[in-house]
Amino acid sequence: MKSLVAILLTLILCSCQERKDQLHLTQGLYISNTTIVSTEDGNYKPYIGHIVVEKDKIVYVGKYEPNISGTFEQIDGTGKFVIPGLIDSHVHMSDVQGMLQHHKEKYPQLVKEFNTQMPRSYLYYGFTAIINLGGISDEQINAYKIQPLKPDLFHIGYSGAAVANGYPMIYTPEEFRFEMEPNFIYMESQAEHIPDQYKPADHTPKAVVKRIKNSGAVAVKSYYESGFGRMSNLPVPTKSIMTELRNESHANGLVLTVHANSLTGHSFLADIGVDILAHGLWNWEKYKDVPTDSLPLEIKETLDVQIQKQMGYTPTLTVIEGEGALVDNKFINQPALKKVVPKKLLEWYKTEEAQWFAQELFSESNAEEVHKIYGNVQAHAMLVLKYLSDNNGLILFGTDTPSGPIYTNQPGHNGYWELKLMKKAGVPLAKILASATINNAKAFHLDSALGSLAMGKKANIIMMTKNPLSDIEAYDAIEKVVIGGEVVNREDLEVKE
Ligand SMILES: [Zn+2]
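These notes cover the structure that comes with them. Owing to the predicted nature of the structure, the values given are computational and were not obtained by experimental measurement.

**Overview of the overall build of the protein**
Assigned secondary structure in the protein consists of 17 helices and 18 strands. Dimensions of the protein, computed from the C-alpha atoms along their principal axes, are close to 75 × 60 × 50 Å. Here the protein has roughly 21,900 Å² of accessible surface; of this, 53% comes from carbon and sulfur atoms. Of the charged side chains in the protein, 47 are positive and 58 negative; the average position of the first set lies 6 Å away from that of the second.

Below, the structure is given as structure tokens:
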């Protein structure tokens, strides 16, 4: 009896609540009668409902028609689908795709046009938040902030926490290396190769994480990479360094995301239990030539530990796909690129000068051989991803745009490519959407403002003409992008001639 009273009372209170929803708007947005596709826990139950935004915040989401007054713009969402803005949790926005420093100095106009279009290109494909996982300067952050339309930017500070002379700082000439990587970790084994002015006490995990925290970062990035190609046998962090990095990150409210793509790296990090793996496991090392249709036991065991610890796994399939695509001109001739890459830059990419990296990578192989090698690696990467997806792994959407000095990972465009590759690997559409929204938001502690359509969260909303739970092409059927409450038509984000 008591419980019946309680139920009745709840019903009465709820219906009153619905009727009471009197919203007075001063700078509002009302999206009516639309299919809402959002989740807090990975389970989707789309329904037709309404969303109300005041300034940059969502103030109402629900099935019932809200009672609103004041000043607002109304969008009829009939027949449309709305999702929370997408989050790419692995980008490098401080690079210009395909250019080295001397190219940037030679073509300042191309750099300028790229930097103006870059944030718009992310938005064009529905990315309303990006997490920069490479070093970034205040100057770069400020230059980004003055762009009128841009995704929310989060970062890892002035540099990652790489071990001295390890990956990736080894790629910077010795005279600038330490200055460029102010958050490097001092290792005794490297002492002779560290300039005297850098004191060990300033480069312990504790000191480094504190500095990263103070620079406004949301995460600490580290690396487990012994190298590839000409650069191999690089120093890697010890178990105690990585454990300390994780503990210090947590003590400072940050997450630890670590670059690794080899079996050795993934199993080392699984054992420690870092928060996020910034790449998929595609370098199978001694298993690299095994067939592409089943997982070796040792790899399965490593993935099982990652699943059991619910470590975030960022597939970054476009790293492999993008690098392989440098070998021929199929990529560069895609009509879709014209919408997101400035015309003159696109033309430059087709010149001999812009082919420098492709020539360096593929001087000794033809296109067929390259596709075969990369295809094999990608098949392994996809097999791992499918296993994680089938076994309740925590998948986080991230592209690594661009993964190197390559023009084949373009802002936004690369995100759509990654989404399609995840689908190709066999990840269900609901998991793909969750990976790019709520999973990323929770993993990076951004879920109080981002990741779902809920009251009090930031109004980053994507309106599509197709259902993202039944059609991957929905991500290219975007009609409107709402960024911080501002409504933008997709075509207004295209490259202006
Ligand atoms: Zn990266």
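**Concerning the coordination of the zinc ion**
Listed as protein donors to the zinc ion are His 90 (NE2), His 92 (NE2) and Asp 400 (OD); their distances from the metal cover 2.1 to 2.3 Å. Counting the intervening residues between successive donors of the zinc ion yields the motif H-x1-H-x307-D. Within this pair, whereas His 90 is found in strand β6 (residues 86–91), its partner Asp 400 is found in the loop between β15 (394–395) and α15 (413–425), the two being separated by 310 residues in sequence. There is no split in this pair, since His 90 and Asp 400 are both buried.

**Some thoughts on helix α6 (residues 205–214)**
Every buried residue belonging to α6 is among Pro 205, Val 208, Val 209 and Ile 212, and all of these are buried. Viewed end-on, α6 has its buried residues packed into an arc of 95°, placing them on one side of the element. Structural note: α6 exposes Lys 206 and Asn 214 on the side pointing more than 90 degrees away from its buried face. Where α6 is buried, its residues touch β9 (219–223) and α7 (239–251). Trailing α6 by a residue or two, Gly 216 shows a phi angle of about 85°, which is positive.

**Considerations on unusual backbone geometry**
A negative phi angle characterises most non-glycine residues, just as the trans form characterises most peptide bonds. Each neighbour pair has its own omega, and for Tyr 167 with Pro 168 the value is 0°, a cis peptide bond. Tracing the backbone shows Pro 168 in the loop between β8 (152–155) and α5 (174–180). Residue Thr 401 is joined to Pro 402 through a cis peptide bond whose omega torsion reads -15°. Structurally, Pro 402 can be placed in the loop between β15 and α15. Residue Asn 165 is not a glycine yet carries a positive backbone phi of 65°. For Asn 165, the position within the fold is in the loop between β8 and α5. One non-glycine residue with positive phi stands out, namely Asn 392, at about 65°. You can see Asn 392 is positioned in the loop between α14 (367–390) and β15.

**Regarding the pairing of β9**
In terms of burial, β9 is largely enclosed, as 5 of its 5 residues are buried. Burial along β9 is two-sided: the residues Ala 219, Lys 221 and Tyr 223 and Val 220 and Ser 222 are all buried. Of the pairings in the sheet, the one linking β9 to strand β12 (residues 255–259) comprises 5 bridges and is parallel in character. Each residue of the ladder has a partner; that of Ala 219, found in β12, is Val 255.

**Thoughts on the packing of α15 against helix α16 (residues 429–436)**
The axes of two packed helices give the description: the angle between them and the distance between them. Contact geometry of α15 with α16 gives a least axis separation of 10 Å together with a crossing angle of 140°. In this structure, α15 crosses over α16, and the sense of that crossing is right-handed. Here Leu 419, Met 422 and Lys 423 of α15 lie close against α16, whose contacting residues are Leu 429, Ile 432 and Ser 435. Of the residues that constitute the contact of α15 with α16, the class distribution is 4 nonpolar, 1 polar and 1 charged.

Parameters at a glance
- Residues numbered from 1 in each chain as written.
- Predicted model: local features only at pLDDT ≥ 70, side-chain atom pairs only at ≥ 80, totals over all residues.
- Heavy atoms only, no water.
- Helix = DSSP H or I, 4+ residues; strand = E, 2+ residues; numbered from the N terminus.
- Areas by Shrake-Rupley, 256 points an atom, 1.4 Å probe, with all protein chains shown as cover.
- Lys, Arg positive; Asp, Glu negative; His and termini not counted.
- Charge placed at Lys NZ, Arg CZ, Asp CG, Glu CD.
- Donors = N, O, S within 2.8 Å, 3.2 Å for Na, K, Ca; no water.
- Buried < 20%, exposed > 50% of the residue type's maximum accessible area, 1.4 Å probe, protein only.
- Arc of directions from axis to C-beta.
- Contact = heavy atoms within 4.5 Å.
- Pairing = 2+ DSSP bridges.
- Axes fitted to C-alpha atoms, helices over the stretch in contact; angles between N-to-C directions.
- Left-handed = near helix turned anticlockwise from the far one by under 90°.
- Nonpolar A, V, L, I, M, F, W, Y, C, P; charged D, E, K, R; others polar.

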